[in-house]
There are 2 protein chains.
Amino acid sequence: MHERELRAFVAIVEAGRMDHAATSLGYSQPAISYQIKCLEQQLGTRLFFRHPDGAQLTPEGAMVLPSARAVLALLDGIKELTGRADRSTAPVEHLRVAG
Amino acid sequence: MHERELRAFVAIVEAGRMDHAATSLGYSQPAISYQIKCLEQQLGTRLFFRHPDGAQLTPEGAMVLPSARAVLALLDGIKELTGRADRSTAPVEHLRVAG
DNA sequence: GGTGTTTACGTGGGGCGTAAGTATC
DNA sequence: GATACTTACGCCCCACGTAAACACC
């Protein structure tokens, strides 16, 4: 359960599609797919329904989402605490589901 | 800023010494030293004062500590949410120095 | 056939342990 | 000389991108 996986997770939620999330994070689609696969294996549950038109959050994924965002917010907070704030990477404060 | 680094960080705070923290986490001393080195480089600040009798938290480290613990608590919470609670790895709620 | 995701495969970087080095008492 | 941390070195595993395959419309 690494930071990258959680960022991939929320990015997919934002975009509704893995390939867009991959682009926004600077990865290839398979890399994002792999991240989510790893995350799902770690948690022992499915986080997304795979549909032909994109990826949709499962109930379990919806339960995880707030905590995932909180973790990312805390990590950004730690960076700010130590004077390493990085506002260019779109911190979680204004995150919302696309659409 | 990976989960392992944060666990190493709080373990050192608990133990007051890197080698004890390493033992409690099942790592060698150099591995823990490396983790903290990476964490300090990422944050651009010193987290511990290195003394001949152990490691002492810097003011910056003290600022980071609550957030680090919160992140670990959230990560444990995510595992619980998805039915993968693992109480055997000593979650942060009851952490204390052994003995 | 087009779109979106997954699997396969090869490569590069990171994290570990062991061993040697540095500093303080 | 003992204790605690750091640096050096080598190895293995993980994470990535490219390419091919699969599923659904």
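Read on for an overview of the structure. Please read all numbers here as calculations on a predicted model, not as lab measurements.

**A look at helix 4 (residues 59-81) of chain B**
For step 1, the next point in the chain: In this model helix 4 of chain B runs 34 Å from its N-terminal to its C-terminal C-alpha over 23 residues, within 8% of the 33 Å that 1.5 Å per residue would give.
For step 2, the next point in the chain: The largest bend in helix 4 of chain B comes to about 30 degrees, at B:Leu65, with the proline B:Pro66 one to four residues further on.
For step 3, the next point in the chain: Along helix 4 of chain B, the residues classified as buried are B:Gly61, B:Val64, B:Leu65, B:Ser67, B:Ala68, B:Val71, B:Leu72, B:Leu75, B:Asp76 and B:Ile78.
For step 4, the next point in the chain: In the core, the buried residues of helix 4 of chain B are packed alongside helix 1 (3-15), helix 3 (29-43) and helix 4 (59-81) of chain A together with helix 1 (3-15), helix 3 (29-43) and strand 2 (54-57) of chain B.
For step 5, the next point in the chain: Looking one or two residues past helix 4 of chain B, B:Gly83 carries a phi angle of roughly 75 degrees, positive in sign.

**Focus: the packing of helix 1 of chain A against helix 2 (residues 18-25) of chain A**
Residue and element names in this part refer to chain A.
For step 1, the next point in the chain: Where helix 1 meets helix 2, the closest approach of the two axes is 8 Å, and the angle between their N-to-C directions is 125 degrees. With respect to their mutual orientation, helix 1 and helix 2 come out oblique. For helix 1 against helix 2, the interelement crossing comes out right-handed. Contact residues: Arg-7, Ala-8, Ala-11, Ile-12 and Ala-15 in helix 1; Met-18, His-20, Ala-21, Ser-24 and Leu-25 in helix 2.
For step 2, the next point in the chain: In the contact of helix 1 with helix 2, the residues fall into seven nonpolar, two polar and one charged.

**Focus: the packing of aromatic side chains**
Residues and elements named next belong to chain A.
For step 1, the next point in the chain: Summed over all chains, the structure comprises two aromatic pairs over all chains.
For step 2, the next point in the chain: With a centroid separation of 5.5 Å and an interplanar angle of 55 degrees, the aromatic rings of Phe-9 and Phe-48 are classed as tilted. Placement of Phe-9 in helix 1 and of Phe-48 in strand 1 (residues 48-51) is noted, with a sequence separation of 39 residues between them. Phe-48 matches Phe-9 in its accessibility class, with the two residues each being buried.

**Details of empty space enclosed by the protein**
For step 1, the next point in the chain: Evaluation of the coordinates by the stated rule reveals one cavity of 30 Å³ or more.
For step 2, the next point in the chain: Considering only enclosed or pocket space, the largest cavity measures out at about 60 Å³ in volume.
For step 3, the next point in the chain: Residue lining of the largest cavity: A:Met1, A:His2, A:Glu3, A:Leu6, A:Val71, A:Leu75, B:Met1, B:His2, B:Glu3, B:Leu6, B:Val71 and B:Leu75, and that is the complete set.
For step 4, the next point in the chain: Counted by class, the lining of the largest cavity contains eight nonpolar, two polar and two charged residues.

Scoring rules and cut-offs
- Numbering of residues starts from 1 in every chain and runs along the sequence as written.
- Here the convention is simple: chains get letters from A, ligands get numbers from 1, in the order in which they are written.
- For a predicted model such as this one, the threshold for reporting local features is a pLDDT of at least 70, and the threshold for listing and counting side-chain atom pairs is 80 or more; totals across whole chains, interfaces and linings nevertheless cover every residue.
- To get the side-chain values, take all heavy atoms of the structure and skip hydrogens and water.
- Only DSSP runs of H or I reaching four residues or more are called helices, and only runs of E reaching two or more are called strands; each is numbered from the N terminus.
- What a helix is expected to span follows from its residue count: subtract one and scale by 1.5 Å.
- By definition, a residue's bend is the angle between the axes fitted to the seven residues ending there and the seven starting there.
- A simple rule labels every residue: compare its accessible area, found with a 1.4 Å probe on the protein chains alone, to the largest value its type can have, and call it buried under 20%, exposed over 50%, or partly exposed in between.
- Residues count as neighbours in contact if any of their non-hydrogen atoms are within 4.5 Å of one another.
- Inter-axis angles, ranging from 0 to 180 degrees, are taken between N-to-C directions of lines fitted to C-alpha atoms, where helices are fitted over the stretch in contact.
- Put simply, angles under 35 degrees are roughly parallel, angles over 145 are roughly antiparallel, angles from 65 to 115 are roughly perpendicular, and the rest are oblique.
- In a left-handed crossing the near helix is turned counterclockwise from the far helix by less than a right angle, and in a right-handed crossing that turn is clockwise.
- For this scheme, ten residues count as nonpolar: Ala, Val, Leu, Ile, Met, Phe, Trp, Tyr, Cys and Pro. Four count as charged, namely Asp, Glu, Lys and Arg, and the remainder, Gly too, count as polar.
- Classification of ring pairs rests on two measures: the distance between centres of Phe, Tyr or Trp rings, Trp counted by its six-membered ring, which must be within 6.5 Å, and the angle between planes, read as stacked under 30 degrees, edge-to-face over 60 and tilted in between.
- Only protein atoms enter the 1 Å grid used here. Points where a 1.4 Å probe fits but cannot escape make up a cavity, open sets with protein on both sides within 12 Å along at least five of seven lines make up a pocket, and a residue lines them when an atom lies within 4 Å of a point.
- Grid points are joined across faces, edges and corners, and a volume is the space filled by probe spheres set on the points.

On their own, these measurements won't tell you what the molecule is for.
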